[in-house]
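Observations on the model geometry
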Amino acid sequence: MDKFTPEQRSRLMAKIRGKDTLPEILVRKRLFACGWRFRVCDKRFLGKPDIVIPKAKTLIDVRGCFWHRHGCKDSTMPKSNIAFWMEKWSKNVRRDHRNESAWRDAGWNLIVVWQCALEGKKTERTLDRICAKVDAWGEECAYGKPRRVPHRIEFPVARRRGK
């Protein structure tokens, strides 16, 4: 059973934003401080990626763990209206895969940043690693070293089982 009344839950859910979230703003501020200029939610791309860095041919997608089913402690399961949530999450994950395929087929590098990678002690390390990757990929683009397969990295980096 939900600990909030339907009216309280409705007010809480209405406050959740689709863009300009705190994790997105953290990434954008760090990229700007590192000297990168970018576009936000560029409508020319399928799915309007959160951050587009043309000079590094890189897209950054900042995902909420709950909404996009990361599998960490933040992707909890509500106790009510389970069928609705399962369908919603399924559509979100399918859309993420479709967008990623389109972006990679177009030759764009992709960084997926999960919300949990930008919390607590991990924040600075994650932001530093994002800037380092964008710097490296920007150099590749500047020197005209095209890759057949675009880069893709996820933060936090998934650990392999058994290692």
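The structure under discussion appears in the preceding block.
A quick note: this is a predicted structure, and the numbers were derived from the prediction, not measured.

1. Focus: the sheet that holds strand β1 (residues 39–40)
- Judged by pairing direction, the sheet is mixed, and its five strands sit side by side in the order β1-β2-β3-β4-β5 without closing on themselves. In this open sheet, the two strands that pair with only one neighbour each are β1 and β5 (152–155).
- Sheet topology places strand β2 (residues 51–53) next to strand β3 (residues 58–63); three bridges connect them, and they run antiparallel. Bridge assignment links Ile51 to a residue of β3, and that residue is Ile60.
- Packed onto the sheet, helix α4 (residues 82–105) meets β3, β4 (109–114) and β5 and runs at close to 170 degrees relative to β3.

2. Remarks on the nonpolar core
- Val27, Leu31, Ile60, Ile111, Ile130 and Val134 are the most contacted members of the largest nonpolar core, which has 19 residues in total.
- Looking at this core, the elements with two or more residues in it are α2 (22–33), β2, β3, β4, α5 (122–142) and β5.
- Ignoring any residue separated from it by four or fewer positions in sequence, one finds Val27 in contact with Ile51, Ile60, Val62, Leu118, Leu127 and Ile130.
- In terms of nonpolar packing, the next biggest core, distinct from the first, is built from eleven residues, Leu59, Trp108, Leu110 and Trp114 among them.

The rules we used
- Residues numbered from 1 in each chain as written.
- Predicted model: local features only at pLDDT ≥ 70, side-chain atom pairs only at ≥ 80, totals over all residues.
- Heavy atoms only, no water.
- Pairing = 2+ DSSP bridges.
- Helix = DSSP H or I, 4+ residues; strand = E, 2+ residues; numbered from the N terminus.
- Contact = heavy atoms within 4.5 Å.
- Axes fitted to C-alpha atoms, helices over the stretch in contact; angles between N-to-C directions.
- Core = buried A, V, L, I, M, F, W, Y, C linked by side-chain atoms within 4.5 Å.
- Buried < 20%, exposed > 50% of the residue type's maximum accessible area, 1.4 Å probe, protein only.

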